[in-house]
Amino acid sequence: MHLLVMKRFVLGDDTGLGKCSTPDTFVSTGEGLVRLGELNPGGLEPDTFVPVDGRTVSIGGQLHPIKRFYYGGNKPTIRVRTRYDYGVEGTLVHPLLVRTPDGREVWKRLRELEVGDHLCVDRRSGSFAREEPELPLPDMSGSASNLKRYPLPTRMNPELARLLAYIVGESWTGSGYSATISQSREVNPESHADIEALVRSQFGYTGGKPSDTSVPPYSKEIRAYLEGLGIGRGLARDKCVPWPIFRSTRASIAQFLRGLFEAEGYVGPANISFSSASARLAEEVQMLLLQFGIVTKRDSGKVKGYDHIYWTVTVSGEGCRIFAREIGLITARKRAALEAFPPRMNTNHDVVPHARDLVMDLHARILQAVTRRGSNESRAGSGMKQFGNRLSGLQFVKSGRSNPSYKFLQRLLSCSEEAGTSPTPEHEALARVVENHYFYDPITSLDAGSAEVMDLEVDSAEHAYVAGGVVSHNTLQSIAATCYLWEKNPNLKVIVLTSKSAIEQWAGEFDKFTHSTRVYVSRGSPKQRAKV
């Protein structure tokens, strides 16, 4: 940590200041998944800090209040991407949580990161709205008097969410008069029937008889309604998740994903995948799945015979079981493929790197605790047989051939508890790793740039929030922590010790982002400073 409080001293550096991400960064909030820019009240000058009321962010599955929003203007940035295509773009001093080769999890500024560093992807912070969002109805006042009107939903519901997914996945949306959904009655009779039923129940639409390959509606009003929900007119590469979905309940988001994977998904022998020509849609699907704790890999590539790039979001390992339980699919064919997954699925990527030393140290303590000794203190037996094969795979961890999985660590910890070695530092350190259950994703690229940036001050002991799936540090944490101390003791005097180059910035930030704080800057020789 870059902050150390000792009675009335704060040891600080420039990491306490100006930590920001770009507006397109996804943040999990109490109202669902939002982009950071949506929290911007607008009209702010660069380096402006404004209060935020009634908004929360999710950290480790718990909601914490947002105290203030910070607008930083345009600043130099670094864009970080990982093997699974998670990451953020932020200022050079924006800290991310990284697992280091010595087995610790520490904050590192973007400018300090290196390719190969393991970022902590948080799959426990998914948060969903408690109520379905209200939906706007289109203004058809300028239309012809004989325009047929329909009883369109004014609030999201799970069935409408699934229908929207079919439209996003299977409909050509270039027309202003229809949103015909392509689906073969012969190949996918269950999906075809499901779409027909949803169009009737959600839109009250009974005209335009469905064909063997598609399902209407043909309606200017319905098309305008869909446009108001974010399904605009464009090509496949322009598609995105409708905006109400992000603000919907868990049930509706699950149904949206179910419909989307039913439309454009594939269930293989060991994974589930979704493909799209839209980079934005693929990113949004990846972030929605992470809300359920499902880690996915996002790849891009060209398909033979086509000029443009296609994106694939792939679920594998434990994520397949979570998908089957939380999302599910509709057709018997795809459901059978889900049920055919083997009972044990774990990719060699969902493991804990840099844990060998902790594992071997805890194993040594267990061995010492259960070893039986004779009357002359000679070793009579190791006592490890009582654990059976629960520690199988230890030899691979010891040799460095593989990193431990979470299931292996859980078995090791249970052995430690039975052996009576659970209060040890090694046990507690590994127990924290298992509790956090981060997905450790190595960095594959670091690209310099410049962008508009902004950030949040979160009222929590962790001083962190999840941005783009990655654990990020809270902006102005040092100042926020100092204000917390002042709330407890208003008479406390604090000295900030920092580098000469950051003195004026610290003074300016205290003056800008706190109220009624008297700031003195001490310069000169020790004799001159003593007079302050």
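What counts as what
Residues numbered from 1 in each chain as written. Predicted model: local features only at pLDDT ≥ 70, side-chain atom pairs only at ≥ 80, totals over all residues. Heavy atoms only, no water. Salt bridge = Lys/Arg side-chain N within 4 Å of Asp/Glu carboxyl O. Helix = DSSP H or I, 4+ residues; strand = E, 2+ residues; numbered from the N terminus. Buried < 20%, exposed > 50% of the residue type's maximum accessible area, 1.4 Å probe, protein only. Arc of directions from axis to C-beta. Contact = heavy atoms within 4.5 Å. 1 Å grid on protein atoms, 1.4 Å probe; cavity = no way out; pocket = protein on both sides within 12 Å on 5 of 7 lines; lining within 4 Å. Points joined across faces, edges and corners; volume = space filled by probe spheres on them. Nonpolar A, V, L, I, M, F, W, Y, C, P; charged D, E, K, R; others polar. Phe/Tyr/Trp six-rings, centres within 6.5 Å; stacked < 30°, edge-to-face > 60°. Lys NZ or Arg CZ within 6 Å of the ring centre and 35° of its normal. Polar contact = N/O pair within 3.5 Å; in protein donor to acceptor, adjacent residues only side chain to side chain. Core = buried A, V, L, I, M, F, W, Y, C linked by side-chain atoms within 4.5 Å. Pairing = 2+ DSSP bridges. Axes fitted to C-alpha atoms, helices over the stretch in contact; angles between N-to-C directions.

## Structural notes on the pattern of salt bridges
And step 1. Enumeration over the complete set of coordinates arrives at 29 salt bridges.
And step 2. Arg35 is the salt-bridge partner of Glu283, the closest N and O atoms lying 3.8 Å from each other. Here the residue Glu283 occupies a position in helix H6 (residues 279-291), and Arg35 occupies one in strand S4 (residues 32-35), the gap between them amounting to 248 residues.
And step 3. Residue Glu283 is classed as partly exposed on the basis of its relative accessible area of 22%.
And step 4. With a closest N to O distance of 2.7 Å, Glu426 and Arg365 form a salt bridge. With Glu426 in helix H12 (residues 425-436) and Arg365 in helix H9 (residues 356-370), the pair connects residues that are 61 residues apart, well separated along the chain.
And step 5. Classification of Glu426 by relative accessible area gives buried; the value is 13%.
And step 6. Within the structure, one salt-bridge network assembled from shared partners comprises Arg35, Arg280, Glu283 and Glu284.

## Remarks on helix H7 (residues 318-326)
And step 1. Considered for burial, the residues of H7 that qualify are Gly319, Cys320, Ile322 and Phe323. Viewed end-on, H7 has its buried residues packed into an arc of 165°, placing them on one side of the element.
And step 2. For H7, the elements touching its buried residues are helix H5 (250-264), strand S15 (271-276), H6, strand S17 (309-316) and helix H8 (332-339).
And step 3. Directly beyond the C-terminal end of H7, a positive phi value near 75° is found at Gly328.

## Description of the layout of surface pockets
And step 1. Taken as a whole, the second largest pocket spans an internal volume of roughly 660 Å³.
And step 2. Residue lining of the second largest pocket: 27 residues in total, with Leu97, Glu105, Arg432, Asn436 and Tyr438 positioned closest to the centre.
And step 3. Elements with a contribution of two residues or more to the lining of the second largest pocket: strand S9 (95-99), strand S10 (105-109), H9 and H12.
And step 4. When residues of the lining of the second largest pocket are assigned to their parent elements, the largest contribution, 4 residues, is made by H12.
And step 5. In the lining of the second largest pocket, the residues fall into 13 nonpolar, 4 polar and 10 charged.

## What about unusual backbone geometry?
And step 1. Phi is positive for Asp85, close to 70°, though the residue is something other than glycine.
And step 2. Relative to the elements of secondary structure, Asp85 occurs in the loop between strand S7 (62-82) and strand S8 (89-91).
And step 3. Unlike most non-glycine residues, His437 shows phi in positive territory, near 55°.
And step 4. Tracing the backbone through its elements, the reader meets His437 in the loop between H12 and strand S20 (439-458).
And step 5. Here His437 falls in the partly exposed class, since its relative accessible area comes to 28%.

## Some details on the packing of aromatic side chains
And step 1. In the structure shown here, the tally under the stated rule is 9 aromatic pairs.
And step 2. On the numbers, 4.9 Å between centres and 55° between planes, the contact of Tyr84 with Phe439 is tilted. Taken together, the positions of Tyr84 in the loop between S7 and S8 and Phe439 in strand S20 put the pair 355 residues apart, joining distant regions of the chain. One exposure class covers both Tyr84 and Phe439, and it is buried.
And step 3. Ring pairs connect the aromatic residues Phe261, Phe274 and Phe323, which therefore count as one cluster.
And step 4. Above the plane of the ring of Tyr440 lies Arg99, whose end atom (NZ or CZ) is 5.6 Å from the centre.

## Digging into the environment of Ser171
And step 1. Here Ser171 lies in the loop between helix H1 (158-170) and strand S12 (181-182).
And step 2. The exposure class of Ser171 is buried, given its relative accessible area of 3%.
And step 3. It is 4.3 Å that separates the C-alpha atoms of Ser171 and Ile181, two residues lying 10 residues apart in sequence.
And step 4. Residues within four places of Ser171 in sequence aside, it is in contact with Tyr166, Ala179, Thr180, Ile181 and Lys239.
And step 5. Within the structure, the side chain of Ser171 is placed 3.0 Å from the backbone oxygen of Thr180, a separation counted as a polar contact.

## Brief notes about the nonpolar core
And step 1. Core analysis: the biggest nonpolar cluster contains 94 residues, and Phe203 and Leu456 have the highest contact counts within it.
And step 2. With 8 residues, the top contributor of residues to this core is H1.
And step 3. Beyond its immediate stretch of four places on either side in the chain, Phe203 contacts Tyr150, Pro151, Leu152, Pro153, Leu160, Leu163, Leu198, Pro217, Ile222, Tyr225 and Leu226.
And step 4. Listed in part, the 31 residues of the second largest apolar core include Ile366, Val397, Tyr406 and Tyr438.

## Some points on the side chain of Asn188
And step 1. Structurally, Asn188 can be placed in the loop between S12 and helix H2 (189-203).
And step 2. When residues no more than four places from it in sequence are discounted, the contact partners of Asn188 are Gln183 and Arg333.

## Things to note about empty space enclosed by the protein
And step 1. All chains considered together, the criterion is met by 2 cavities of 30 Å³ or more.
And step 2. When its volume is computed, the largest cavity comes out at roughly 80 Å³.
And step 3. Ser28, Leu290, Gln291, Val466 and Gly469 are the residues nearest the centre of the largest cavity, which is lined by 13 residues in total.
And step 4. Within the residue set of the lining of the largest cavity, elements represented by two or more residues are strand S3 (26-29) and H6.

## Things to note about the sheet that holds strand S16 (residues 296-302)
And step 1. With respect to topology, 4 strands assemble into an open sheet ordered S14-S15-S17-S16, the strand pairing being antiparallel. Every interior strand has two partners, whereas the edge strands, strand S14 (265-267) and S16, have only one. Strand-to-strand twist in this sheet, taken as the mean axis angle between neighbours without regard to direction, amounts to 25°.
And step 2. For S16 and S17, the ladder comprises 7 bridges, and the chain directions are antiparallel. Its bridge partner being in S17, Ser300 is matched across the sheet by Trp311.

## Considerations on the environment of Leu63
And step 1. With respect to the helices and strands, Leu63 occurs in strand S7.
And step 2. Leu63 gets classed as partly exposed once you look at its relative accessible area, which sits at 40%.
And step 3. Leu63 sits 62 residues away from Ser125 along the chain, and the two C-alpha atoms are 8.8 Å apart.
And step 4. Setting aside anything within four residues of it in sequence, one finds Leu63 in contact with Thr29, Gly30, Thr56, Val57, Ser58 and Ser127.

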